[in-house]
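Structural features, examined
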Amino acid sequence: MKPTRRRLAVAALALGALLSIPAAAADARTWIVGATVISPERADDGQRMDVLVEGDRIASVVPAQPPGTARDAPVFDATGLYLLPGLIDSHVHLATIPGFSPVMEYRHPLLAREYRAQLPRSFLRYGYTTVIDLIPTDRAVVDAFLAAPAHPDVHHCGALPVQDGYPSHFAPGVVRKRIFPDYVVEPGAADADHAPQAVVERVRKGGAICIKTFFERGFGRDRNLPVPSAELFGALMKSARAAGMPVLLHASSIEAQRFGVEGGTDIFAHGLWNWGDANASPTLPQPAREVLDRVAGKKIGYMPTLQVIGGLRVLFEPGYFDLPAVRRVVPPSMLEWYRSPAGRWFKDDLAGGASDELMRARLGETLQRGAESTRYLAQKRAFFLFGTDTPSGPTPGNLPGLNGYLEMQRLVAAGVSLRQLLEAATLNNAKAFGLADRVGTIEPGKRANLLLLGRSPLESVEAYDTVRAVWIGGRRLDPAELEAAR
Ligand SMILES: [Zn+2]
């Protein structure tokens, strides 16, 4: 693709993100009264407050609605319920359809269309009002998402793999540069267009708010993939700093996270479940401990993404597709396909003939390592971010919206406190991505992205499954109407 056309495409993407306004207008003014307001900048466990929404903004948060104001604004009675800022998922991949390879997307266009029509609604159904796409490979998908009658706010990173490195190696050679145009080359290579500074500048102009890069030598069938040198990563960090953009590093091994810590990365996009030679260790090995001490000490943003592994393991657990929650987030046609012999291809691929029992055990061990690392960081008061990596690959075990709830359950089981979880999914994410002036708390002037729960999320993680209402830019949505099967 010619650079000019590509730039136009990216500019259109950025414009779309700015115009992320739902089609139907919100009430000009609404009072949400009687709820216990839980907002992460408040140290308390919530206070009964009344909240005035004007247009798409929060106008006022007060102990009691001033007398007489009900006359000029409708009142939404939230007595006995819990009002939170809308949740932020800072690690999604909107273009990837769970359970589909890219070829299947062309073979089953109707299923793909139905899935994508439901996608924005599924995120909203579970309270996600902001999502950040870390690898926006398909502008048309994002445009369709933004054209939906109701959808979360969308931001994106520039994806800067090292040339031919992960994850660009998944794309066949002939289309690789088209799908991953923003790859970077080592210093000294004769390709000025792909020097870090040039690429960072290009993605910034295209509306990216962050830089994602990768230290991954490969897993499964792929080994010995190229990874960035310390010199290249240093140049990339320097350019990103100058552009005011945080850098996220894909890294899940001790080697990769040590590389990121030493190179000064801002955010790790994954947890530490690959302990290398120490994978059989029942406790956190010393080299992992040392890296995580530095992650916590330097307050590097950290997404444990336990559902990357959890979303593979569920494929080998009986009854996953029978969960009522699955029917909420994917259309019946897609669910039927997941259950069909053809729809089981990814599971079969992954197992390579191994029994379900063996796969559960293997993936359970990996999950346990990720949980141990997370537990250690929770004790060390690390700067957790909430990112689900939905979907982390073509697994139907990572379904939009629901995957966030499953990730939350895993984090809490691993020892993350309910307050740490709330902060990660709201204010920490907003701060880490430069969005804290707009979202992340319930304060006057912020965008009216809100979530109303039936129970307190500071009392149980299950509270996140009691969604009673969601506001996106001041417009209230009924969770029942956001579900796929109604
Ligand atoms: Zn990812």
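Definitions and limits used
Residues numbered from 1 in each chain as written. Predicted model: local features only at pLDDT ≥ 70, side-chain atom pairs only at ≥ 80, totals over all residues. Heavy atoms only, no water. Donors = N, O, S within 2.8 Å, 3.2 Å for Na, K, Ca; no water. Buried < 20%, exposed > 50% of the residue type's maximum accessible area, 1.4 Å probe, protein only. Core = buried A, V, L, I, M, F, W, Y, C linked by side-chain atoms within 4.5 Å. Helix = DSSP H or I, 4+ residues; strand = E, 2+ residues; numbered from the N terminus. Domains from an automatic or database assignment. Contact = heavy atoms within 4.5 Å. Salt bridge = Lys/Arg side-chain N within 4 Å of Asp/Glu carboxyl O.

The name an unreviewed UniProt entry gives the protein chain is Amidohydrolase family protein, with Ramlibacter cellulosilyticus as the organism.

A separate point is the coordination of the zinc ion. Bound to the zinc ion on the protein side are His91 (NE2), His93 (NE2) and Asp389 (OD), at distances that span 2.1 to 2.3 Å. In this structure His93 comes out as buried when scored by relative accessible area, which is 11%. Owing to a relative accessible area of 4%, Asp389 belongs among the buried residues under this scheme.

Before going further, it helps to examine the nonpolar core. In this structure, Leu94, Ile211, Val295, Met408 and Tyr464 are the most contacted members of the largest nonpolar core, which totals 115 residues. Ranked by the residues each element gives to this core, the list is headed by helix H14 (residues 356-379), at seven residues. Counting residues domain by domain, this core receives three or more from each of domain 1 (29-85 + 440-482) and domain 2 (89-432). The residues contacting Val295, other than those within four sequence positions of it, are Val261, Phe268, Ile300, Tyr302 and Leu377. Membership of the second largest hydrophobic core comes to 23 residues, among which are Leu134, Phe180, Ile209 and Ala430.

We now examine the pattern of salt bridges. Summed over the entire model, instances satisfying the criterion amount to 24 salt bridges. Close ionic contact of Asp50 with Arg48 constitutes a salt bridge, the shortest N to O distance being 3.4 Å. A relative accessible area of 3% means that Asp50 is categorised as buried. Residue classification places Arg48 among the partly exposed residues on the basis of a relative accessible area of 46%.

As a further point, take unusual backbone geometry. Cis geometry marks the peptide bond from Tyr166 to Pro167, where omega comes out at -5°. Secondary-structure assignment places Pro167 in the loop between strand E8 (153-159) and helix H5 (173-179). Across the junction of Thr390 and Pro391, the peptide omega takes the value -20°, indicating a cis bond. Turning to its location among the elements, Pro391 is positioned in the loop between H14 and helix H15 (402-413). Unlike most non-glycine residues, Asn224 shows phi in positive territory, near 60°. Mapped onto the secondary structure, Asn224 falls in the loop between strand E9 (210-214) and helix H7 (230-243). Although it is not a glycine, Arg381 sits at a positive phi angle of roughly 55°.

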